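Listed below, chain by chain, are the residues.
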Amino acid sequence: MVAVLKNGVTEKQMENLCTWFESQGLTVHICEGKFQTIIGLIGDTSKVDIELLEGLDIVESVKRISDPFKSANRKFHPDDTIVEVGNVKIGGGNFAMIAGPCSIETPDQIMGIAKAVKEAGAVMLRGGAFKPRTSPYDFQGLKGDGIELLEHAKAATGMPIVTEIMNANHLPMFENVDVIQVGARNMQNFELLKELGKIRKPILLKRGLANTLKELLMSAEYIMAGGNENIILCERGIRTFETYTRNTLDLSAVPMLHELTHLPVVVDPSHATGISRLVKPMAMAAAACGADGIMIEVHNNPSQALCDGAQSLTPEQFKDVAENVMKIREVVQ
Ligand code: PEP
Ligand code: MN
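Residues numbered from 1 in each chain as written. Chains lettered and ligands numbered in written order. Predicted model: local features only at pLDDT ≥ 70, side-chain atom pairs only at ≥ 80, totals over all residues. Heavy atoms only, no water.

Structural notes on the coordination of the manganese ion (ligand 2)
For step 1, the next point in the chain: Note on the manganese ion (ligand 2): its protein donors are Cys 102 (SG), His 271 (NE2), Glu 297 (OE) and Asp 308 (OD). The metal-donor distances range over 2.0 to 2.4 Å.
For step 2, the next point in the chain: Each donor residue of the manganese ion (ligand 2) belongs to the same chain, with the gaps between them written as C-x168-H-x25-E-x10-D. Taken together, the residues span a long stretch of sequence, with Glu 297 in strand E14 (residues 293-297) and Asp 308 in the loop between E14 and helix H10 (315-332) at a distance of 11 residues. We note that Glu 297, like Asp 308, is buried. (Donors = N, O, S within 2.8 Å, 3.2 Å for Na, K, Ca; no water. Helix = DSSP H or I, 4+ residues; strand = E, 2+ residues; numbered from the N terminus. Buried < 20%, exposed > 50% of the residue type's maximum accessible area, 1.4 Å probe, protein only.)

Okay, here's the thing in structure tokens:
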């Protein structure tokens, strides 16, 4: 980290500042120019509060040279992380298609969709039991009963299951869940992330509605700091000024994240677009830019879905998307 001091800083002020840095366990290198003094800070600067430093009268600017994320950083872990979920692998050249309804609604609905998406090429089943809805009057999910129905679908198809958690107190209900999803709205629920760091189950961490990639990586870092390194990142579109689509799919996030981190990155073209007919081109584009997997919402009867029907594919449409995604994979691999 480098701090540039303002002109006219006195020796005493400089000494106080350096003593303060040293008290934080940092080594200080001073570079005195004719007009400006620069202080180089060496050591673990992750705990240094940049805003606080920048707020000091004698400091002009502060710049981090190294990334604030360590465990997630590819610099310290050059090989791709491969997250293993049962016999499914994601990352390091392994690609996974995850599919299922936005929310689990009835026993027949989830069982029927599970069998159909497996047949079409999905290797993991998704389904929301706890739904983070914008309106409290909308369907909130079947909660624990939904997870049980998802477990039945897992038993019948052999597919590992993914479902979203909204509250760490619910963790006991997730015992038989294979991948715990942290939704966009909870990406910065730091207390939840800390609890998920204490377990060893894979976590599918979705990018927040208006969060930067650095913030996404810092959220992954929260989980990893607790010792859970099984994280799959998910780009699901971000909020922009565009209104024709539900969100704006930031596909450049995929190669950028691959540069920055060793963690696998999947793309959710359903929430990214909000429109079922856009899911296929965006899923293919995601495969083309190197995503390690795709998560798609599929419903047996989208027009009657209790949540996200407009972006849900029928099982037949999903089959077509899956086939085309695999063709793209063959070309880019
Ligand atoms: C979901 O996957 O159903 C979901 C709620 O996604 P997001 O958190 O990305 O909105
Ligand atoms: Mn949804």
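Some points on the packing of aromatic side chains
For step 1, the next point in the chain: Per the stated rule, a full pass over the model turns up three aromatic pairs.
For step 2, the next point in the chain: Summarising the aromatic geometry, the rings of Phe 130 and Phe 174 are spaced 6.2 Å apart at their centres and angled 20 degrees between planes, so their arrangement reads as stacked. Of this pair, Phe 130 sits in the loop between strand E8 (124-126) and helix H4 (143-157) while Phe 174 sits in the loop between strand E9 (161-165) and strand E10 (179-182), placing them 44 residues apart in sequence.
For step 3, the next point in the chain: Accessibility expressed as a relative area gives 0% for Phe 174, which makes it buried.
For step 4, the next point in the chain: Aromatic side chains Phe 190 and Tyr 222 sit 4.5 Å apart centroid to centroid with 25 degrees between the ring planes, which places their arrangement in the stacked category. (Phe/Tyr/Trp six-rings, centres within 6.5 Å; stacked < 30°, edge-to-face > 60°.)

A few points about the pairing of strand E7 (residues 96-100)
For step 1, the next point in the chain: In terms of burial, E7 is largely enclosed, as five of its five residues are buried.
For step 2, the next point in the chain: Residues Ala 96, Ile 98 and Gly 100 of E7 are buried on one face, and the alternating residues Met 97 and Ala 99, pointing to the opposite face, are buried as well.
For step 3, the next point in the chain: As paired elements, E7 and E14 share five bridges and run parallel to each other. Pairing of Ile 98 across the sheet is with Met 295, part of E14.
For step 4, the next point in the chain: As judged from the two bridges shared by E7 and E8, these two strands associate in the parallel manner. Within E8, the position partnered with Ile 98 by the bridge is Met 124.
For step 5, the next point in the chain: In terms of handedness, the path from E7 via helix H3 (residues 107-120) over to E8 forms a crossover that is right-handed. (Pairing = 2+ DSSP bridges. Right-handed = clockwise from strand over helix to strand, strands pointing away.)

Describing the site of ligand 1
For step 1, the next point in the chain: Around ligand 1, a shell composed of 13 residues is seen, among which Arg 126, Ala 184, Arg 185, Lys 206 and Arg 236 lie nearest.
For step 2, the next point in the chain: In this structure, Lys 131 approaches ligand 1 through a side-chain N or O atom, which is 2.9 Å from an oxygen atom.
For step 3, the next point in the chain: His 271 places a polar side-chain atom, nitrogen or oxygen, 3.3 Å from an oxygen atom of ligand 1.
For step 4, the next point in the chain: In the complex, 97% of the free accessible area of ligand 1, which totals 290 Å², lies under the protein chains.
For step 5, the next point in the chain: Comparing atom positions with the cavity grids shows ligand 1 to sit within the largest pocket.
For step 6, the next point in the chain: Across the shell around ligand 1, the residue classes tally to three nonpolar, three polar and seven charged. (Near = heavy atom within 4 Å. Polar contact = N/O pair within 3.5 Å; in protein donor to acceptor, adjacent residues only side chain to side chain. Areas by Shrake-Rupley, 256 points an atom, 1.4 Å probe, with all protein chains shown as cover. 1 Å grid on protein atoms, 1.4 Å probe; cavity = no way out; pocket = protein on both sides within 12 Å on 5 of 7 lines; lining within 4 Å. Sits in = over half its atoms within 2 Å of the grid points. Nonpolar A, V, L, I, M, F, W, Y, C, P; charged D, E, K, R; others polar.)

Looking at the pattern of salt bridges
For step 1, the next point in the chain: Within the structure shown, the criterion is met by 14 salt bridges.
For step 2, the next point in the chain: Linking Lys 47 and Asp 44 is a salt bridge whose minimum nitrogen-to-oxygen distance equals 3.7 Å.
For step 3, the next point in the chain: Assessed through its relative accessible area of 69%, Lys 47 is described here as exposed.
For step 4, the next point in the chain: A salt bridge links Lys 75 to Asp 67; its shortest N-O distance comes to 3.0 Å.
For step 5, the next point in the chain: A network of salt bridges, in which partner residues are shared, links Arg 207, Glu 235 and Asp 250. (Salt bridge = Lys/Arg side-chain N within 4 Å of Asp/Glu carboxyl O.)

Structural notes on the environment of Ile 98
For step 1, the next point in the chain: Positionally, Ile 98 belongs in strand E7.
For step 2, the next point in the chain: Under the relative-accessibility criterion, Ile 98 is labelled buried at 1%.
For step 3, the next point in the chain: Between the C-alpha atom of Ile 98 and that of Gln 13, which follows or precedes it by 85 residues, the distance is 58 Å.
For step 4, the next point in the chain: Beyond its immediate sequence surroundings of up to four residues, Ile 98 is in contact with Met 124, Arg 126, Val 162, Ile 294, Met 295 and Ile 296. (Contact = heavy atoms within 4.5 Å.)

Considerations on the sheet that holds strand E11 (residues 203-206)
For step 1, the next point in the chain: Taken in spatial order, the eight strands close into a barrel running E7-E8-E9-E10-E11-E12-E13-E14, and their pairing is parallel. Shown here is a sheet whose adjacent strand axes are inclined to one another by a mean of 30 degrees, direction ignored.
For step 2, the next point in the chain: Sheet analysis places E9 next to E10, joined by four bridges and oriented parallel. By the bridge assignment for E10, Glu 164 is matched with Gln 181. (Axes fitted to C-alpha atoms, helices over the stretch in contact; angles between N-to-C directions.)

Some thoughts on H10
For step 1, the next point in the chain: For H10, which comprises 18 residues, the first-to-last C-alpha distance of 26 Å matches the rise-based estimate of 26 Å (1.5 Å per residue) to within 8%.
For step 2, the next point in the chain: Within H10, burial applies to Pro 315, Phe 318, Val 321, Ala 322, Asn 324, Val 325 and Arg 329.
For step 3, the next point in the chain: Lining the buried residues of H10 we find E7, H3, helix H9 (276-288) and E14. (Expected span 1.5 Å × (residues − 1).)

Topic: the domain arrangement of the protein chain
For step 1, the next point in the chain: Examined at the domain level, the protein chain breaks down into domain 1 (2-63) and domain 2 (83-332).
For step 2, the next point in the chain: Look at where the C-alpha atoms of domain 1 and domain 2 centre, and you get two points 43 Å apart. (Domains from an automatic or database assignment.)

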